[in-house]
Amino acid sequence: MISAAPCLILLDCQRDQVERPEGGIDPENRDVIKRIARLLQQARMDGWPVFHCQYAGEQPAAARTPIDALRPNAREPVFVRRGLSAFTDSYFHQVLARNAGRTCLLVGFSAPFSVLATVFDAQTRDHELNVVPEAVGTLAVAPRTVGETRAMAFDLIGRLSPTTDWDSVSQAWLRAPVQAE
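First, a word on scope: everything that follows refers to the structure included in this document.

Each value, and the rule that gives it
- Residues numbered from 1 in each chain as written.
- Predicted model: local features only at pLDDT ≥ 70, side-chain atom pairs only at ≥ 80, totals over all residues.
- Heavy atoms only, no water.
- 1 Å grid on protein atoms, 1.4 Å probe; cavity = no way out; pocket = protein on both sides within 12 Å on 5 of 7 lines; lining within 4 Å.
- Points joined across faces, edges and corners; volume = space filled by probe spheres on them.
- Nonpolar A, V, L, I, M, F, W, Y, C, P; charged D, E, K, R; others polar.
- Salt bridge = Lys/Arg side-chain N within 4 Å of Asp/Glu carboxyl O.
- Helix = DSSP H or I, 4+ residues; strand = E, 2+ residues; numbered from the N terminus.
- Buried < 20%, exposed > 50% of the residue type's maximum accessible area, 1.4 Å probe, protein only.
- Pairing = 2+ DSSP bridges.
- Axes fitted to C-alpha atoms, helices over the stretch in contact; angles between N-to-C directions.
- Contact = heavy atoms within 4.5 Å.
- Phe/Tyr/Trp six-rings, centres within 6.5 Å; stacked < 30°, edge-to-face > 60°.

1. What to know about the layout of surface pockets
Working step 1: There is about 160 Å³ of room inside the second largest pocket.
Working step 2: What lines the second largest pocket is simply Arg15, Glu19, Ile25, Arg30, Ile33, Lys34, Ile67, Asp68 and Ala69.
Working step 3: Residues of the lining of the second largest pocket, tallied by class, amount to 4 nonpolar, no polar and 5 charged.

Here is the structure:
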(Lines give C-alpha, C1' and ligand atoms only; values in the text may rest on other atoms or scores of the structure.)
Protein backbone atom coordinates (compact mmCIF):
# COMPACT_ATOMS: atom_id res chain seq x y z
CA MET A 1 0.00 0.00 0.00
CA ILE A 2 1.23 3.48 -0.87
CA SER A 3 1.52 5.63 2.25
CA ALA A 4 1.76 9.25 1.11
CA ALA A 5 -1.47 10.86 -0.04
CA PRO A 6 -1.46 11.71 -3.73
CA CYS A 7 -2.45 14.97 -5.33
CA LEU A 8 -5.46 14.86 -7.63
CA ILE A 9 -5.62 16.78 -10.89
CA LEU A 10 -9.02 17.04 -12.57
CA LEU A 11 -8.60 17.99 -16.22
CA ASP A 12 -11.51 19.32 -18.30
CA CYS A 13 -14.28 18.08 -16.01
CA GLN A 14 -16.70 20.32 -17.84
CA ARG A 15 -20.12 19.59 -19.30
CA ASP A 16 -19.06 20.57 -22.82
CA GLN A 17 -16.42 17.82 -22.66
CA VAL A 18 -18.93 15.02 -21.91
CA GLU A 19 -22.26 16.07 -23.40
CA ARG A 20 -22.88 14.90 -26.95
CA PRO A 21 -23.89 17.56 -29.50
CA GLU A 22 -27.35 16.01 -29.64
CA GLY A 23 -27.52 15.96 -25.82
CA GLY A 24 -26.95 13.35 -23.18
CA ILE A 25 -23.86 11.69 -21.81
CA ASP A 26 -22.48 8.40 -23.08
CA PRO A 27 -22.81 5.57 -20.49
CA GLU A 28 -19.00 5.06 -20.49
CA ASN A 29 -18.53 8.71 -19.53
CA ARG A 30 -21.19 8.43 -16.80
CA ASP A 31 -19.06 5.68 -15.26
CA VAL A 32 -15.97 7.90 -15.52
CA ILE A 33 -17.82 10.74 -13.76
CA LYS A 34 -18.76 8.36 -10.91
CA ARG A 35 -15.15 7.21 -10.49
CA ILE A 36 -13.79 10.75 -10.51
CA ALA A 37 -16.47 11.82 -8.02
CA ARG A 38 -15.43 8.95 -5.75
CA LEU A 39 -11.77 10.00 -5.94
CA LEU A 40 -12.68 13.64 -5.33
CA GLN A 41 -14.80 12.70 -2.32
CA GLN A 42 -11.91 10.72 -0.81
CA ALA A 43 -9.42 13.48 -1.59
CA ARG A 44 -11.55 16.05 0.20
CA MET A 45 -12.14 13.78 3.21
CA ASP A 46 -8.42 13.04 3.57
CA GLY A 47 -7.07 16.50 2.72
CA TRP A 48 -5.25 15.63 -0.52
CA PRO A 49 -4.18 18.56 -2.67
CA VAL A 50 -6.84 18.91 -5.40
CA PHE A 51 -6.44 20.98 -8.57
CA HIS A 52 -8.92 21.67 -11.35
CA CYS A 53 -7.77 22.61 -14.83
CA GLN A 54 -10.35 23.79 -17.36
CA TYR A 55 -10.06 24.32 -21.08
CA ALA A 56 -11.39 27.73 -22.08
CA GLY A 57 -10.67 27.63 -25.79
CA GLU A 58 -12.56 30.36 -27.52
CA GLN A 59 -15.84 29.59 -25.75
CA PRO A 60 -17.63 31.92 -23.34
CA ALA A 61 -17.39 31.09 -19.63
CA ALA A 62 -20.96 29.72 -19.62
CA ALA A 63 -19.88 26.91 -21.95
CA ARG A 64 -17.25 25.78 -19.43
CA THR A 65 -19.74 24.79 -16.74
CA PRO A 66 -18.24 22.14 -14.45
CA ILE A 67 -19.91 18.76 -14.22
CA ASP A 68 -22.12 19.05 -11.13
CA ALA A 69 -20.54 16.15 -9.19
CA LEU A 70 -17.03 17.46 -9.95
CA ARG A 71 -17.36 21.16 -9.13
CA PRO A 72 -14.36 22.75 -7.43
CA ASN A 73 -14.86 23.99 -3.90
CA ALA A 74 -13.57 27.33 -2.62
CA ARG A 75 -10.23 25.88 -1.41
CA GLU A 76 -9.35 24.10 -4.67
CA PRO A 77 -7.40 26.08 -7.26
CA VAL A 78 -8.84 26.27 -10.76
CA PHE A 79 -6.48 26.79 -13.69
CA VAL A 80 -8.20 28.11 -16.82
CA ARG A 81 -6.24 27.79 -20.03
CA ARG A 82 -6.61 28.44 -23.76
CA GLY A 83 -4.23 25.71 -24.99
CA LEU A 84 -4.80 21.98 -24.89
CA SER A 85 -2.11 21.12 -22.34
CA ALA A 86 -2.59 21.95 -18.67
CA PHE A 87 0.91 23.41 -18.86
CA THR A 88 -0.39 26.27 -21.03
CA ASP A 89 -1.59 27.81 -17.79
CA SER A 90 1.51 29.61 -16.59
CA TYR A 91 1.08 28.44 -12.99
CA PHE A 92 0.27 24.77 -13.56
CA HIS A 93 3.89 23.67 -13.48
CA GLN A 94 4.12 25.12 -9.96
CA VAL A 95 1.49 22.60 -8.85
CA LEU A 96 3.75 19.77 -9.86
CA ALA A 97 6.85 21.42 -8.43
CA ARG A 98 5.14 21.87 -5.03
CA ASN A 99 4.07 18.24 -5.10
CA ALA A 100 7.39 16.75 -6.20
CA GLY A 101 7.85 13.29 -4.74
CA ARG A 102 4.11 12.81 -4.33
CA THR A 103 2.07 10.68 -6.71
CA CYS A 104 0.01 12.96 -8.96
CA LEU A 105 -3.15 11.29 -10.26
CA LEU A 106 -4.48 12.75 -13.51
CA VAL A 107 -8.16 12.18 -14.27
CA GLY A 108 -10.74 13.93 -16.41
CA PHE A 109 -11.92 14.24 -19.97
CA SER A 110 -10.70 14.92 -23.49
CA ALA A 111 -8.39 11.89 -23.60
CA PRO A 112 -7.17 12.30 -27.19
CA PHE A 113 -6.60 16.03 -26.84
CA SER A 114 -6.03 17.67 -23.44
CA VAL A 115 -4.97 14.56 -21.53
CA LEU A 116 -2.57 13.51 -24.26
CA ALA A 117 -1.17 17.05 -24.66
CA THR A 118 -0.66 17.35 -20.89
CA VAL A 119 1.10 13.97 -20.75
CA PHE A 120 3.38 15.01 -23.65
CA ASP A 121 4.28 18.26 -21.86
CA ALA A 122 4.84 16.50 -18.52
CA GLN A 123 7.20 14.06 -20.24
CA THR A 124 9.25 16.85 -21.81
CA ARG A 125 9.45 18.63 -18.44
CA ASP A 126 10.44 15.48 -16.49
CA HIS A 127 7.24 15.51 -14.40
CA GLU A 128 5.54 12.22 -13.71
CA LEU A 129 1.78 12.13 -13.92
CA ASN A 130 -0.07 8.89 -13.18
CA VAL A 131 -3.06 8.68 -15.47
CA VAL A 132 -5.98 6.58 -14.22
CA PRO A 133 -7.49 5.16 -17.44
CA GLU A 134 -10.82 4.18 -15.88
CA ALA A 135 -11.19 7.77 -14.64
CA VAL A 136 -10.52 9.39 -18.03
CA GLY A 137 -13.25 9.88 -20.60
CA THR A 138 -13.79 11.49 -23.95
CA LEU A 139 -16.38 12.38 -26.51
CA ALA A 140 -16.44 10.26 -29.64
CA VAL A 141 -14.23 11.50 -32.47
CA ALA A 142 -16.06 10.47 -35.64
CA PRO A 143 -15.99 7.95 -37.12
CA ARG A 144 -14.84 6.34 -33.85
CA THR A 145 -17.06 5.55 -30.86
CA VAL A 146 -16.25 6.73 -27.35
CA GLY A 147 -14.60 3.37 -26.60
CA GLU A 148 -12.55 3.42 -29.79
CA THR A 149 -11.47 7.01 -29.19
CA ARG A 150 -10.36 6.15 -25.63
CA ALA A 151 -8.46 3.08 -26.84
CA MET A 152 -6.65 5.12 -29.48
CA ALA A 153 -5.74 7.83 -26.96
CA PHE A 154 -4.51 5.33 -24.36
CA ASP A 155 -2.40 3.55 -26.90
CA LEU A 156 -0.33 6.75 -26.95
CA ILE A 157 -0.80 7.90 -23.34
CA GLY A 158 0.41 4.56 -21.99
CA ARG A 159 3.64 4.89 -23.95
CA LEU A 160 4.43 8.30 -22.44
CA SER A 161 3.17 8.23 -18.89
CA PRO A 162 2.65 5.74 -16.11
CA THR A 163 -0.91 4.59 -15.76
CA THR A 164 -2.48 3.33 -12.56
CA ASP A 165 -5.52 1.09 -12.91
CA TRP A 166 -8.65 1.71 -10.85
CA ASP A 167 -8.15 -1.39 -8.69
CA SER A 168 -4.68 -0.20 -7.65
CA VAL A 169 -5.99 3.30 -6.89
CA SER A 170 -8.83 1.80 -4.85
CA GLN A 171 -6.53 -0.45 -2.83
CA ALA A 172 -3.96 2.27 -2.18
CA TRP A 173 -6.12 5.28 -1.40
CA LEU A 174 -9.86 4.64 -1.29
CA ARG A 175 -11.74 3.56 1.78
CA ALA A 176 -15.27 2.23 1.78
CA PRO A 177 -17.50 4.61 -0.17
CA VAL A 178 -19.38 7.24 1.79
CA GLN A 179 -22.93 7.79 0.65
CA ALA A 180 -23.63 11.46 -0.05
CA GLU A 181 -27.41 11.25 0.04
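More follows now that the structure is in view.
2. Remarks on the pattern of salt bridges
Working step 1: According to the stated counting rule, one finds 7 salt bridges in the structure shown.
Working step 2: Residue Asp46 is joined to Arg175 by a salt bridge in which the shortest nitrogen-to-oxygen separation is 2.3 Å. Taken together, the residues Asp46 in helix α1 (residues 27–46) and Arg175 in the segment after α5 (166–173) connect sequence positions 129 residues apart.
Working step 3: Under the relative-accessibility criterion, Arg175 is labelled partly exposed at 46%.
Working step 4: In this structure, Asp155 engages Arg159 in a salt bridge whose closest nitrogen and oxygen atoms are separated by 3.0 Å. Linking Asp155 with Arg159, this pair stays in helix α4 (residues 146–160), spanning 4 residues, or about one helical turn.

3. Thoughts on the sheet that holds strand β3 (residues 78–81)
Working step 1: Strand order in the open sheet made by the 5 strands is β3-β2-β1-β4-β5, with parallel pairing throughout. With one partner strand each, in any of the chains shown, β3 and β5 (130–136) form the two edges of the open sheet. This sheet shows a mean twist of 25° between the axes of neighbouring strands, independent of strand direction.
Working step 2: Two strands pair when backbone bridges link them, and strand β1 (residues 7–11) and strand β2 (residues 50–55) are joined in this way by 4 bridges, in the parallel orientation. Residue pairing in the sheet places Leu11 in a bridge with Cys53 of β2.
Working step 3: This element, α5, spans β4 (104–108) and β5 of the sheet and lies at about 110° to β5.

4. A few points about the packing of aromatic side chains
Working step 1: Applying the stated rule across the entire model yields 3 aromatic pairs.
Working step 2: Relative to Phe92, the ring of Phe79 has its centre 5.9 Å away and its plane inclined at 90°; by these criteria the two rings are edge-to-face. Pair noted here: Phe79 is in strand β3 and Phe92 is in helix α2 (residues 92–98), with a separation of 13 residues, a long-range link.
Working step 3: The class of Phe79 is buried, set by a relative accessible area of 8%.

5. A few points about empty space enclosed by the protein
Working step 1: Counted according to the given criterion, the structure contains 1 cavity of 30 Å³ or more.
Working step 2: In this model, the largest cavity occupies a volume close to 30 Å³.
Working step 3: Looking at the lining of the largest cavity, the element that brings in the most residues is β2, giving 3 residues.
Working step 4: Here the lining of the largest cavity is composed, by residue class, of 4 nonpolar, 2 polar and 1 charged.

By themselves, these are just geometric observations and shouldn't be taken as functional.
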